[in-house]
Amino acid sequence: MNKNTLHVRDVELTLNLRIVLAVLVISGICIVFSGVLASAVAASAPAVFCAWVIGVTTAVISSYWIISSHKIIKDIKLEISNESEGEKIYTVMKIE
């Protein structure tokens, strides 16, 4: 085996829970809105289908916008070791 090979032993991610919670809340609101819209046009099956499509599409687009405009991962902690020597190298990556 090559002496310059490093192995990752442990990876620890810290998530920004406020962003995850915001995505879940906005998605839930959009789904409830589509249910209300579908019940308002319940007489027509194509209109109900369109109401659900509009609600789900709005949820997906808003979730994508929130995820792409904010940082979800706060920091990453890696434990890297060299198999032959047994010594461990710890690194911490902070994302700002």
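Undergrad: Could you clarify how one ought to interpret helix α1 (residues 17–40) in this entry?
TA: Between the first and last C-alpha of α1 there are 35 Å, a value that for 24 residues agrees with the 34 Å anticipated at 1.5 Å per step. Taken together, the buried positions of α1 are occupied by I19, V23, S27, C30, S34 and A38. If you follow the buried residues of α1, they end up packed against α2 (45–69).

Undergrad: Which parts of the structure should I look at to understand the environment of D75?
TA: The topology assignment puts D75 in strand β2 (residues 73–81). Owing to a relative accessible area of 9%, D75 belongs among the buried residues under this scheme. With 63 residues separating them in the primary sequence, D75 and E12 have C-alpha atoms 8.3 Å apart. Polar side-chain contacts of D75 include one of 2.8 Å to the side chain of T14.

Undergrad: Would you mind showing me how to read a nonpolar patch on the surface here?
TA: On the surface, a nonpolar cluster with roughly 700 Å² of combined accessible area is contributed by V8, V11, L13, L15, L17, V20, L24 and I73. Where the nonpolar patch is concerned, the elements lending two or more residues are β1 (7–15) and α1. Top element by residues in the nonpolar patch is β1. It accounts for 4 residues. Of note, L15 is situated in strand β1. The class of L15 is partly exposed, set by a relative accessible area of 40%.

Undergrad: Any chance you could explain the environment of S39 here in plain terms?
TA: Among the structural elements, S39 can be located in helix α1. With relative accessibility at 53%, the residue S39 sits in the exposed group. When the C-alpha atoms of S39 and A51 are compared, they prove to be 9.0 Å apart, with 12 residues separating the residues in sequence. Among the polar contacts made by the side chain of S39, one reaches the main-chain carbonyl oxygen of V36 at a distance of 2.8 Å.

Conventions and cut-offs
For every chain, the first residue of the written sequence is number 1, and numbering continues from 1 along that sequence. A pLDDT threshold of at least 70 governs which residues receive local features in this predicted model, and a stricter bar of 80 or more applies before side-chain atom pairs are shown or counted, although totals over entire chains, interfaces and linings include all residues. Water and hydrogen atoms play no part in the side-chain values, which are based on all heavy atoms of the structure. Only runs of H or I of at least four residues qualify as helices and only runs of E of at least two qualify as strands under DSSP, and these elements are numbered from the N terminus. Here the expected length of a helix is defined as 1.5 Å per residue gap, with one fewer gap than residues. Exposure classes here rest on a 1.4 Å probe applied to the protein chains alone. A residue is buried below 20% of its type maximum, exposed above 50%, and partly exposed in between. In this analysis, two residues are considered to be in contact whenever any of their non-hydrogen atoms come within 4.5 Å of each other. Residues adjacent in sequence count toward polar contacts only when both atoms are side-chain atoms; beyond that, a polar contact is any pair of N or O atoms within 3.5 Å, and within protein one must be able to donate a hydrogen and the other to accept it. Note on patches: the residues involved have over 30% relative accessible area and no salt bridge, like charges join within 9 Å, and the nonpolar side chains Val, Leu, Ile, Met, Phe, Trp and Tyr join within 5 Å. In short, Shrake-Rupley with a 1.4 Å probe defines the accessible areas, and a residue's cover is counted only from the protein chains shown. Any carboxyl oxygen of Asp or Glu that lies within 4 Å of a side-chain nitrogen of Lys or Arg is treated as forming a salt bridge with it.

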